[in-house]
4 protein chains.
Amino acid sequence: MTDSSGGRHEKRRALAERRLLEEGLKLMGVKGVHACKVQEITQAAGVGKGTFFTHFDSKEAFVARLVDQVLGDLARRVRPLGLAPSDAESLLAGMGAVHLRFFQLRPEAAALITQACGRDGGGPQAAERLGRHLDLLAQMLAPAAERLGWPQERVRELALMLFATSVGFFWFGGPLQLGGDTPLALLDRLGRAMARGLAGGEDPPAAS
Amino acid sequence: MTDSSGGRHEKRRALAERRLLEEGLKLMGVKGVHACKVQEITQAAGVGKGTFFTHFDSKEAFVARLVDQVLGDLARRVRPLGLAPSDAESLLAGMGAVHLRFFQLRPEAAALITQACGRDGGGPQAAERLGRHLDLLAQMLAPAAERLGWPQERVRELALMLFATSVGFFWFGGPLQLGGDTPLALLDRLGRAMARGLAGGEDPPAAS
Amino acid sequence: MTDSSGGRHEKRRALAERRLLEEGLKLMGVKGVHACKVQEITQAAGVGKGTFFTHFDSKEAFVARLVDQVLGDLARRVRPLGLAPSDAESLLAGMGAVHLRFFQLRPEAAALITQACGRDGGGPQAAERLGRHLDLLAQMLAPAAERLGWPQERVRELALMLFATSVGFFWFGGPLQLGGDTPLALLDRLGRAMARGLAGGEDPPAAS
Amino acid sequence: MTDSSGGRHEKRRALAERRLLEEGLKLMGVKGVHACKVQEITQAAGVGKGTFFTHFDSKEAFVARLVDQVLGDLARRVRPLGLAPSDAESLLAGMGAVHLRFFQLRPEAAALITQACGRDGGGPQAAERLGRHLDLLAQMLAPAAERLGWPQERVRELALMLFATSVGFFWFGGPLQLGGDTPLALLDRLGRAMARGLAGGEDPPAAS
DNA sequence: CATGAATGAGTTTTCATTCAT
DNA sequence: TATGAATGAAAACTCATTCAT
């Protein structure tokens, strides 16, 4: 009895948490992390205000959690590309395309990441979490980079550029009504173009 | 007589305003637009709290002004590239490089733009101002885009990508200690790479 | 179960609200609506500053509420006079006396009304509310006015004079230490006098 | 030379002061004493903000001065009534009519007096000044009161009622669009009525 | 646990007053 | 003396967080 009712409880609890996260992401994406008040989230999720704090230590922790979730989701889509070996350019193009598509479908995610992982909003945890995402990307890119003559100790920068481009495109595009309706084909072309550019390693040796 | 004393007055006033803007940009870049209080800015600028509001109608107006200033500054460096005719790839590469260098030297500017031109922080004016910057870039890119077979009505997206990449690179890079020390040569290479990629127009025609 | 606990909750809340209103009326009456800070009211009521705004949307709304309450209270004492039919003079005298007695016992109410229903303090709502009170008085006075040959379309002015006299007497009297100790008998005499004067309709027809 | 230029100076100064007072009365009457900012007054008067404080020690002192001026103006019109001896009722009626007419023509004055002489606005000086005005009225009324059997030590209350009625009528009437267009004849009738009432002293002894 | 009322630190903004020119 | 820029003490209001029920 306690078993089943306990299970019920946990089910309800998990459901509430999911709704909180869903609605929170949506609202924060639209109104901004700061402008979005805890109460709005709980109202949208259909729970009491106090409940929020039984699930998350603070608003900041909530944001960090959201960031983690988004980046985890994204990683799940990127990782497979690293399994099937492919040439450097294709890999870059694929990773770029995945990122672009991901954020085109989830502009709120782009908004959240931008606000949370910068200097003001998600605390240090969010930035660290982004760092780990870049590590993943860098790791995937490392072999390709080597073949392209890209300095190994700078692969993170390669990853960063790929990431920043995708997120920034939709973050800045949102308020300008740009990006949301960019045809997938064009988006892919952008991704491939970026890849081809980055992959075309016959640059004159950059004397630092 | 009135000249000299009046001049003094206006000089002092103009100086105070410049310091307010300087310190404000610096602080907002470091701590974030929201976390940066008006009083901190006035203290850093060495003026009283009330003085801030004799120069700017509100904090939001202050931010908008800052955005305008930064983008004006940036435009002044980009525009010349449009005067000397060059091939599409070089133009793209140049514009990318200018943006990257600009924001590498001014990470606070990248931070400000990111926070102010998104959904939360600078009001609608800031986003509009960014729109005008993209118009400038799009106008410069239009001829090149035509030669590359890039759809004319999508040139703003090209501009957006170029811009978002540069700003995002340093916005996300900042807290991760990435980007600040990327050698200029590598930065140029990134710019050129992006350009070459975007310029290499032999993509299969993107069927929307 | 929910009943008892919920009842407690609401009881506490209602109690706090009542104390807020009571203390607010008292303080605003003594120090003036503007000079009286929200925090003073909450302190006097023994609640936190923020609590004030969970009960009232703004200080202005609070004042409007107070005005409504005071005028409602007053109306409850005036209305019965309209039920028992009486001659015009007695009606006027009675209404005047009720008003005078009411505000003598509640100088804070006179102070509040004066400040809130004028051009500065209670917003437009307060003035409107006063308008409705005058409507009530005018409605009660209408039959009497007719008998006195007082133009029907000017009955509101009759009501206004009655009201203004009573409120003004204690508003201006307060700081001058006048009115507070005026014996009831004298007050009644004033009321009756005013009534007799206004009722004595044998004025020569006033050719405007 | 100093003489003539000094005269000029003083002329200008006196002119500025008069304009300040005029515009101040007008503005405060319309917007309320608190809502009316010093800068608005100086702008309306066409002088610099700082100039205000070379003429008046503070905003409060300015209001007190205004009150003094208004009441002085009013007294100048009331006093003559005391010179020509007349019966009690006529005296009361005359004084009432003068007050009513005065404030009908100057609703700003009614507004100013109401706000300044109460508990919040004009400081203690304004209330004292009103006290002196009532003294004048009381002095004029004293003989009449005696004839009417009105207690001599309560004559001030008689004066207060007369005054409060006139001011209050236009203060409360203003926002309600009442009083401003009341025909003079009706106003006089109100005054006379009030007088007749107050004068008719054969009240049955009021058993408190 | 869930709830929502209570809380008060913190923030922007206003405005009378001062003072250098 | 006239001016208006500078000043900072307030004051209303917000909102994340706590806690009694």
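Focus on the interface of chain B and chain A
On the side of chain A, 65 residues touch chain B, which itself brings 65 residues to the contact. For the pairing of chain B and chain A, the buried interface totals around 5,500 Å² over both sides, and the portion due to carbon and sulfur atoms is 67%. Here chain B is connected to chain A by 2 salt bridges. Across the pair Asp181(B) and Arg154(A) runs a salt bridge whose closest N-O atoms are separated by 3.6 Å.

So, the protein's contact with DNA strand E
Around DNA strand E, the structure places 28 residues, and the nearest of them are Thr51(A), Lys37(B), Arg13(C), Gly48(C) and Thr51(C). Looking at DNA strand E alone, sugar and phosphate atoms form 63% of those within 4 Å of the protein. Contact between DNA strand E and Thr51(C): a phosphate oxygen at 2.4 Å from a side-chain N or O atom of the residue. Here a phosphate oxygen of DNA strand E and a backbone polar atom of Val38(D) are 3.1 Å apart. Mapped onto the surface near DNA strand E, the elements with two or more residues apiece are helix H3 (49-55) of chain A, helix H3 (49-55) of chain B, helix H3 (49-55) of chain C together with helix H3 (49-55) of chain D. Among the elements that take part in the surface near DNA strand E, H3(C) stands out by supplying 5 residues, more than any other.

Some details on the protein's contact with DNA strand F
Among the 28 residues in the neighbourhood of DNA strand F, the closest are listed as Arg13(B), Gly48(B), Thr51(B), Lys37(C) and Thr51(D). Taking all atoms of DNA strand F within 4 Å of the protein, the share assigned to sugar and phosphate is 66%. A distance of 2.9 Å separates a phosphate oxygen of DNA strand F from a polar side-chain atom of Lys37(A). Listed by contribution, the elements that provide at least two residues to the surface near DNA strand F are H3 of chain A, H3 of chain B, H3 of chain C together with H3 of chain D. With 5 residues, H3(B) is the largest single contributor of residues to the surface near DNA strand F. Per-class residue counts for the surface near DNA strand F are 6 nonpolar, 12 polar and 10 charged.

Focus: the interface of chain D and chain C
Buried accessible area, meaning the area lost when the parts come together, often serves as the stated size of an interface. Taken together, the contact pairs 63 residues of chain D with 65 residues of chain C. When chain D packs against chain C, the two sides together hide about 5,400 Å² of surface, and 67% of this comes from carbon and sulfur. Across the contact surface, chain D and chain C share 2 salt bridges. Our count for the chain D to chain C interface comes out at 6 residue pairs in polar contact (both at pLDDT 80 or more). For the side of chain D that touches chain C, the element with the most residues is helix H9 (residues 155-173) of chain D, which contributes 15 residues. Residue composition of the side of chain D that touches chain C, grouped by class: 34 nonpolar, 18 polar and 11 charged.

Focus on the relation of the copies chain B and chain A
Two chain copies, one operation linking them: a rotation about an axis together with a shift along it. With an RMSD of 0.1 Å, chain B superimposes on chain A once it is rotated by 179 degrees and translated 0.0 Å along the axis. Between the two chains, the operation in question is that of a two-fold axis. The share of interface residues of chain B whose copies in chain A are also at the interface is 100%, consistent with both copies meeting through the same surface.

Some words on the relation of the copies chain D and chain C
It takes a turn of 179 degrees to lay chain D on chain C, together with a shift of 0.0 Å along the axis; the resulting RMSD is 0.2 Å. A high fraction, 100%, of the interface residues of chain D reappear at the interface in chain C, so the copies pair face to face through one surface.

A few points about unusual backbone geometry
Residues and elements named next belong to chain A. Located in the positive-phi region is Gln 177, a residue other than glycine, with phi close to 60 degrees. Position of Gln 177 relative to the elements: it lies in the loop between helix H8 (155-173) and helix H9 (184-199). For Gln 177, a relative accessible area of 68% puts it in the exposed group.

Some remarks on the domain arrangement of chain A
All names here are of chain A. Assigned domains within chain A: domain 1 (1-55) and domain 2 (59-199). The C-alpha-based centres of domain 1 and domain 2 are spaced at 28 Å. Contact residues are listed per partner, giving 16 residues for domain 1 and 14 residues for domain 2. Of the roughly 1,300 Å² buried between domain 1 and domain 2, counting both surfaces, carbon and sulfur atoms make up 72%. Across the pair Glu 17 and Arg 65 runs a salt bridge, and its minimum N-O distance is 2.7 Å. At the junction of domain 1 and domain 2, the tally comes to 4 residue pairs in polar contact (both at pLDDT 80 or more). Elements with a minimum of two residues in the side of domain 1 that touches domain 2: helix H1 (2-31), helix H2 (38-45) and H3. When residues in the side of domain 1 that touches domain 2 are grouped by element, the largest group, 8 residues, is from H1.

Overview of the pattern of salt bridges
Counted under the stated rule, the structure contains 40 salt bridges over all chains. The residue Glu157(B) makes a salt bridge to Arg154(B) at a minimum N-O spacing of 2.9 Å. Under the relative-accessibility criterion, Glu157(B) is labelled buried at 2%. Within the structure, one salt-bridge network assembled from shared partners comprises Arg19(A), Glu23(A) and Lys26(A).

Examining the packing of aromatic side chains
With the rule as written, the count across this model stands at 32 aromatic pairs over all chains. Ring centres of Phe163(A) and Phe172(B) lie 5.7 Å apart, and the angle between their planes is 75 degrees; this geometry places the pair in the edge-to-face category. Of this pair, Phe163(A) sits in helix H8 while Phe172(B) sits in helix H9 (residues 155-173), placing the two residues on different chains. Under the relative-accessibility criterion, Phe163(A) is labelled buried at 0%. Each ring, one from Phe52(C) and one from Phe62(C), has its centre 5.0 Å from the other, and the planes form 55 degrees; the classification is tilted. In this pair, Phe52(C) is assigned in helix H3 and Phe62(C) in helix H4 (residues 59-83), connecting sequence segments 10 residues apart. No difference in accessibility class separates Phe52(C) from Phe62(C), as the two residues are buried. Taken together, the ring pairs in this structure connect Phe52(A), Phe53(A), Phe56(A) and Phe62(A) into an aromatic cluster.

Some remarks on the environment of Val30(A)
With respect to the secondary-structure elements, Val30(A) resides in helix H1. Separated by 77 residues in the primary sequence, Val30(A) and Pro107(A) have C-alpha atoms spaced 8.7 Å apart.

Things to note about the confidence of the model for chain A
All names here are of chain A. Averaged over all residues, the pLDDT of chain A equals 85, while 89% of them reach at least 70. The secondary-structure element of chain A with the lowest mean pLDDT is H9, recorded at 72, while H2 shows the highest, at 97. Ignoring residues within four places in sequence, the model shows residues 201-208, a span with pLDDT below 50, making 12 contacts including any to other chains.

What to know about the environment of Ile113(A)
Looking at the secondary structure, you find Ile113(A) in helix H6 (residues 107-116). Between the C-alpha atoms of Ile113(A) and Leu71(A), which are 42 residues apart in sequence, the distance is 8.7 Å.

Let's talk about the packing of H8(A) against H9(B)
Look at H8(A) against H9(B): their axes get within 7 Å of each other, and the N-to-C directions meet at 120 degrees. Our classification of the angle between H8(A) and H9(B) gives oblique. For the element pair H8(A) and H9(B), the recorded crossing hand is right-handed. Along its contact with H8(A), which presents Glu157(A), Leu160(A), Met161(A), Phe163(A), Ala164(A), Thr165(A), Val167(A), Gly168(A), Phe169(A), Phe172(A) and Gly173(A), the element H9(B) presents Glu157(B), Leu160(B), Met161(B), Phe163(B), Ala164(B), Thr165(B), Val167(B), Gly168(B), Phe169(B), Phe172(B) and Gly173(B).

Conventions used here
Residues numbered from 1 in each chain as written. Chains lettered and ligands numbered in written order. Predicted model: local features only at pLDDT ≥ 70, side-chain atom pairs only at ≥ 80, totals over all residues. Heavy atoms only, no water. Contact = heavy atoms within 4.5 Å. Buried area = accessible area lost by both parts, 1.4 Å probe. Salt bridge = Lys/Arg side-chain N within 4 Å of Asp/Glu carboxyl O. Near = heavy atom within 4 Å. Polar contact = N/O pair within 3.5 Å; in protein donor to acceptor, adjacent residues only side chain to side chain. Helix = DSSP H or I, 4+ residues; strand = E, 2+ residues; numbered from the N terminus. Nonpolar A, V, L, I, M, F, W, Y, C, P; charged D, E, K, R; others polar. Least-squares fit on C-alpha atoms with pLDDT ≥ 70 in both. Buried < 20%, exposed > 50% of the residue type's maximum accessible area, 1.4 Å probe, protein only. Domains from an automatic or database assignment. Phe/Tyr/Trp six-rings, centres within 6.5 Å; stacked < 30°, edge-to-face > 60°. pLDDT = per-residue confidence, 0-100. Axes fitted to C-alpha atoms, helices over the stretch in contact; angles between N-to-C directions. Parallel < 35°, antiparallel > 145°, perpendicular 65-115°, else oblique. Left-handed = near helix turned anticlockwise from the far one by under 90°.

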